[in-house]
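# Inside the fold
Spelled out, the chains give:
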Amino acid sequence: MDTTTHASPPAATGPLSLHGLSVEGVNQCVHCGLCLAYCPTFSELGTEMDSPRGRIFIIKSLAEGRMSLSDSTVRHLSLCLDCRACETVCPAGVPYGRLIEAAKAEIERDRPGTPGRRLFRWLNFGLLLGHPRLLGLAASGARFYQASGLQRLVRKTGLVRLLPGTLPAWEALLPPVPAKAERAAPPPLTPAEGPRRARVALLTGCVQSVIFGAHNRATARVLAKNGFEVVVPEGQGCCGALNAHGGDHERAVAMARQTIDAFEAARADAVVVNTSGCGAHMKAYGHLLADDRGYAERAARFAASVRDVAEILAQEPLRGPLSPVPLTCTYHDPCHVVHGQKIKSEPRKLLAQIPGLRVVELTESDWCCGSAGIYNLTEPEMATRLLHRKVSHVLATGAEAVVTANPGCILQIQAGLGAHQAAAIRVMHLVEILDRAYGAAGGGR
Ligand code: SF4
Ligand code: SF4
């Protein structure tokens, strides 16, 4: 493949694509502009090329060979959060998420960057995300770095600033890694309590499993309380969502195949996911593997079986007894739950059933908090603007806790509250608060 060219070959005829990834959906755009008012980057910058309509124009022009990947086009495309708020409001059904993922893959191919950047991406996307054991070792290393006081020393002495490239930014955002016991996965099988509703297979995830193992265990407990037998399939790893959002298409495809293999063996009625980006991505496996003769049918079947944890729990009223949770909270909709999976009422329905819990609606609850995968690392300035906007809305509610459903949002909002001297406001996963209502002390254990 020639990576030295700066423009896609002209595609005078045939379906529009960028290096084999279809962007035919650009033709569905009727340029009505309804999406503009819902786009966070357009709202902040006010420029057409930082709006969905502007980016669709760029992607179409690239695919038709009428425009090249200049610094400016790369900038406009890279600033997109892939939050998919534009998809939710688009009356023409433009599949914007697929378009921007194809565009980001094109940027990665055309501009792989310095050898250092390529090595860093390979270490993260290829090595760590692709190998759960190595990710576990890296988590242990990060835990030692934090718990031994080394992190404090490195920050205090300014040594951190000597790290190359974007490493200082990554270091600054390194979340507290819990001790190994706290990172434990749920048991391989959690039996259903009461009348059995179904057998479900739980995705434990990559980053989720090392930072928020407690959320996975809480998810298994809450599902079991509601009549689900929960199995944790062996051999599962990263679903590939971070790779796909970061433009690493080939590895995303390989991870999708591996995930399907692992979960099919569990013979479950549904696949349950408690991280929004993973759920939205796995629901799109059918599209991702549509041209793969060995996997296309299996991928479509698998995708149809994926359920967000709120989605599956809200199918029936929560089974009691539920203890009171005397708290005022507000709910932040993760983009890939509300826009990627169109799940909005279900989490609210579940929260409304918890006795003693008061839920206050959040202004712009479905606007991105700036986390967006690794966006807060690659585009820190815009991410910070959106985070301040989110935190100011949270503070206006007077809530004691923010409930959400995605590890990236939790870390981002926690960091934002800390920066506003409001770290006392707790940020919780939906399953933590449900688990607490079922008797777990202070949320997940
Ligand atoms: S995905 Fe989000 S940031 Fe990107 S164009 Fe759509 S609304 Fe704007
Ligand atoms: S709302 Fe849909 S059709 Fe209208 S400009 Fe935006 S993407 Fe195009």
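Everything numeric in this text was worked out from a predicted model, so none of it was measured. (Residues numbered from 1 in each chain as written. Chains lettered and ligands numbered in written order. Predicted model: local features only at pLDDT ≥ 70, side-chain atom pairs only at ≥ 80, totals over all residues. Heavy atoms only, no water.)

## Observations concerning the pairing of strand E6 (residues 270-273)
Our working definition: Only protein chains enter the accessibility calculation, which uses a 1.4 Å probe. A residue is then buried if its area is under 20% of the maximum for its type, exposed if over 50%, and partly exposed in between. Think of it this way: any DSSP run of H or I at least four residues long counts as a helix, any run of E at least two long counts as a strand, and we number them from the N terminus. A pair of strands is considered paired only if DSSP assigns at least 2 bridges between the two.
Across the two faces of E6 the burial is the same, with Ala-270 and Val-272 and Val-271 and Val-273 all buried. Sheet analysis places strand E4 (residues 198-202) next to E6, joined by three bridges and oriented parallel. Looking across to E6, one finds that Val-200 is bridged to Ala-270. Direction of pairing for E6 relative to strand E7 (residues 306-308): parallel, over a ladder of three bridges. Residue pairing in the sheet places Val-273 in a bridge with Asp-308 of E7.

## Looking at helix H3 (residues 71-78)
Short version of the rule: When we speak of the arc, we mean the arc of directions from the helix axis to the C-beta atoms. Contacts are residue-level and defined by heavy atoms, with any inter-residue pair within 4.5 Å sufficient.
Looking only at H3, the buried set comprises Thr-73, Val-74, His-76 and Leu-77. The arc that holds the buried residues of H3, viewed along the axis, is 165°, so those residues lie on one side. Against helix H2 (52-63) and helix H5 (96-110) lie the buried residues of H3.

## Here's the deal with the nonpolar core
The condition is simple: By nonpolar core is meant a set of buried Ala, Val, Leu, Ile, Met, Phe, Trp, Tyr and Cys residues that side-chain atoms within 4.5 Å join together.
Ranked by size, the top nonpolar core spans 35 residues in total, and within it Leu-223 and Ile-433 carry the most contacts. The element that contributes the greatest number of residues to this core is helix H23 (residues 430-437), accounting for five residues. Contacts of Leu-223, omitting those with residues within four sequence positions, involve Val-200, Phe-228, Val-230, Val-272, Val-309, Ile-312 and Leu-313. The next biggest cluster of nonpolar side chains, apart from the first, holds 26 residues, and it includes Leu-16, Ile-56, Ile-100 and Ala-102.

## A short note on empty space enclosed by the protein
This is how it is decided: Cavities and pockets are found on a 1 Å grid laid over the protein atoms alone: a cavity is a set of points where a 1.4 Å probe fits but cannot escape, a pocket is an open set with protein on both sides within 12 Å along at least five of seven lines, and a lining residue has an atom within 4 Å of such a point. Grid points are joined across faces, edges and corners, and a volume is the space filled by probe spheres set on the points. Any residue outside Ala, Val, Leu, Ile, Met, Phe, Trp, Tyr, Cys, Pro, Asp, Glu, Lys and Arg is labelled polar, Gly included; the first ten of those are nonpolar and the last four are charged.
All told, the structure shown has four cavities of 30 Å³ or more when counted by the stated rule. Size it by volume and the largest cavity reaches roughly 130 Å³. Cys-29, Cys-35, Ile-56, Cys-90 and Val-94 are the residues nearest the centre of the largest cavity, which is lined by 16 residues in total. Only H2 and helix H4 (85-89) provide two or more residues apiece to the lining of the largest cavity. The leading source of residues in the lining of the largest cavity is H2, at three residues. Its residues assigned to classes, the lining of the second largest cavity comprises nine nonpolar, one polar and three charged.

## A closer look at the domain arrangement of the chain
Operational definition: The domain boundaries here were taken from an automatic or database domain assignment. Two parts placed together each lose some accessible area under a 1.4 Å probe, and adding up what both lose gives the buried area. For this document, the term salt bridge refers to a Lys or Arg side-chain nitrogen within 4 Å of an Asp or Glu carboxyl oxygen. Polar contacts here mean pairs of N or O atoms no more than 3.5 Å apart (in protein, one a potential hydrogen donor and the other a potential acceptor; neighbouring residues in sequence count only if both atoms are side-chain atoms).
Split by domain assignment, the chain resolves into domain 1 (17-110), domain 2 (115-176), domain 3 (181-313) and domain 4 (327-437). On a C-alpha basis, the centres of domain 2 and domain 4 stand 26 Å from each other. Contacts between the two partners involve five residues from domain 2, matched on the other side by four residues from domain 4. Buried surface at the junction of domain 2 and domain 4, summed over both partners, amounts to about 470 Å²; 89% is from carbon and sulfur atoms. Area buried by domain 2 at its contact with domain 4 is led by Trp-170, Leu-173 and Pro-175, which between them contribute 74% of it. For the pair domain 2 and domain 4, the interface holds zero salt bridges. Here domain 2 is connected to domain 4 by zero residue pairs in polar contact (both at pLDDT 80 or more). Class assignment for the residues of the side of domain 2 that touches domain 4 results in five nonpolar, no polar and no charged.

## With respect to unusual backbone geometry
With an omega of -5°, the peptide bond running from Gly-320 to Pro-321 counts as cis. Mapped onto the elements, Pro-321 comes out in the loop between helix H17 (309-313) and strand E8 (327-331). Phi at Arg-267 takes a positive value of approximately 45°, unusual for a residue other than glycine. Along the chain, Arg-267 turns up in the loop between helix H13 (249-264) and E6.

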